[in-house]
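Coordinates in review
Listed here are the chains, written in short residue letters.
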Amino acid sequence: MIGTSDAATELAAIQSRRAGATPITPDERLARIDRARALMAEQGADALIVGAGDSLNYFTGIGWSMIERLVAMVLIAGRDPVILCPAFEEGSLQAALKIPAEARLWHEDESPSAMIASLLGDAGLLADAGLLADTGARRIAIDPALPFGMAEAIAAAAPAARLVSGAAVIDGCRMRKSPAELALIGQAMAMTLEVQRRAAAILRPGIRASEVRRFIEAAHRAIGSDGTTFCIVQFGASTAFPHGLPQDDVLADGDMVLVDTGCLLDGYHSDLTRSYVFGTPTEAQRRIWDIERAAQLAVFAAARPGVPCGALDDAARAVLQRHGLGPDYQLPGLPHRTGHGLGMTIHEAPYLVRGNATPLAPGMCLSNEPMIVVPGRFGV
């Protein structure tokens, strides 16, 4: 099907796959908060602070990006969540919030960090004000994605508290997807797979990578997604660079093609790469493609509950080394980790990288991409 059509024909043939995409319910978000409370108890954390971004969206439905004004959820053990928000955003907050929560609004001349300290004090979490942080102060788990300056301001406003990383709580919730999450990811992946197939169909000698990218963006909209989140189109020697080069490649017969793209659907991402040759592959291209496929299959075969994430990276590299590639990160070979978690963020925990002892568990959703790079020639 490669090179058998054109952009207008392919776009006209696309039918929306949006139907059946079921948004995450408020009840599921509340269950996530209960899970966070349980993990807080395991970690010995008395409160959790989650800033604007994917994790706040995950718990509350507030899909706002991080800016210089603090928007955050404060979750104190045994209490309902509190949302801190600039007062002038109150209407937007109420429209976005998907769970019952108290709103604490701050004006431009007020300190949201002081407001957090007040919340912690009211909950009795700052009663040990005379203690040093390492001698008994309450542990406040902080979203690792919260900017340093915001975390520093909270620490200054609540010096009696001990701020610790909230990664174990947040990742502990987000790593294992529910059936509803997996359905959204699966639907987004199906959309991108069709777009990939149609993108292959429009290829022709002389087409520029930018034209293919524009087609993919239009196709992701036509198929009912919330739009393309990233799009890498590489031809020929550019495919030897995992994320491409700052140039607009022009396709020629015999080029390796690498298209890496994804879309967003109700807050969840797809991430799908395809590698193939435009024309007749050389013996070297076919050999590397076959080794790549064998490495991917080895990762699939190694994946089962309880296996450390790092073992999957080991499985891919063992295949490459048997074929004289590598070892380790040496080229020709695999220059990066084998894969990553996928969900509300394109790259998220857990990561398929050497040494990661995190055990695989039901509900985890990960990419499997042990890319092979042949420097100066091509990549698959």
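Residues numbered from 1 in each chain as written. Predicted model: local features only at pLDDT ≥ 70, side-chain atom pairs only at ≥ 80, totals over all residues. Heavy atoms only, no water.

1. Remarks on the environment of Ile 223
- Mapped onto the elements of the fold, Ile 223 is located in the loop between helix H9 (209-222) and strand S7 (228-235).
- Leaving out residues up to four positions away in the same chain, Ile 223 has contacts with Ile 14, Gln 15, Ser 16, Arg 17, Arg 18, Met 191, Glu 194 and Val 195. (Helix = DSSP H or I, 4+ residues; strand = E, 2+ residues; numbered from the N terminus. Contact = heavy atoms within 4.5 Å.)

2. Points about the packing of aromatic side chains
- Under the definition given, this model contains one aromatic pair.
- Pairing Tyr 58 with Phe 59 gives two aromatic rings, centres 5.0 Å apart and planes at 85°, and the pair type is edge-to-face.
- Under the relative-accessibility criterion, Phe 59 is labelled buried at 0%.
- Here the basic side chain of Arg 32 rests over the ring of Tyr 58, its NZ or CZ set 4.0 Å away from the ring centre. (Phe/Tyr/Trp six-rings, centres within 6.5 Å; stacked < 30°, edge-to-face > 60°. Buried < 20%, exposed > 50% of the residue type's maximum accessible area, 1.4 Å probe, protein only. Lys NZ or Arg CZ within 6 Å of the ring centre and 35° of its normal.)

3. Structural notes on the environment of Cys 85
- Relative to the elements of secondary structure, Cys 85 occurs in strand S3 (residues 82-86).
- With a relative accessible area of 0%, Cys 85 lands in the buried category.
- Spatially, the C-alpha atoms of Cys 85 and Gly 44 are 27 Å apart, while their sequence positions differ by 41 residues.
- Apart from residues lying up to four places away in sequence, Cys 85 is in contact with Trp 64, Leu 70, Leu 93, Arg 104, Leu 105 and Trp 106.

4. Comments concerning the sheet that holds strand S2 (residues 72-76)
- Reading across from one edge, S4-S3-S2-S1-S5-S6 is the order of the six strands in this open sheet, with mixed pairing throughout. Each edge of the open sheet carries a strand with a single partner, namely strand S4 (102-106) and strand S6 (162-165). The sheet shows a mean angle of 25° between the axes of neighbouring strands, direction not considered. (Pairing = 2+ DSSP bridges. Axes fitted to C-alpha atoms, helices over the stretch in contact; angles between N-to-C directions.)

5. Topic: the packing of helix H10 (residues 283-302) against helix H11 (residues 309-322)
- At a minimum axis separation of 8 Å, H10 and H11 run at an interaxial angle of 150°. Taken as axis vectors, H10 and H11 run roughly antiparallel relative to one another. Seen along the crossing, H10 lies across H11 with a hand that is right-handed. Mapping the contact onto sequence places Ile 291, Ala 294, Ala 295, Ala 298, Val 299 and Ala 302 in H10 and Leu 312, Ala 315, Ala 316, Val 319 and Leu 320 in H11.
- For the contact of H10 with H11, the class distribution of residues is 11 nonpolar, no polar and no charged. (Parallel < 35°, antiparallel > 145°, perpendicular 65-115°, else oblique. Left-handed = near helix turned anticlockwise from the far one by under 90°. Nonpolar A, V, L, I, M, F, W, Y, C, P; charged D, E, K, R; others polar.)

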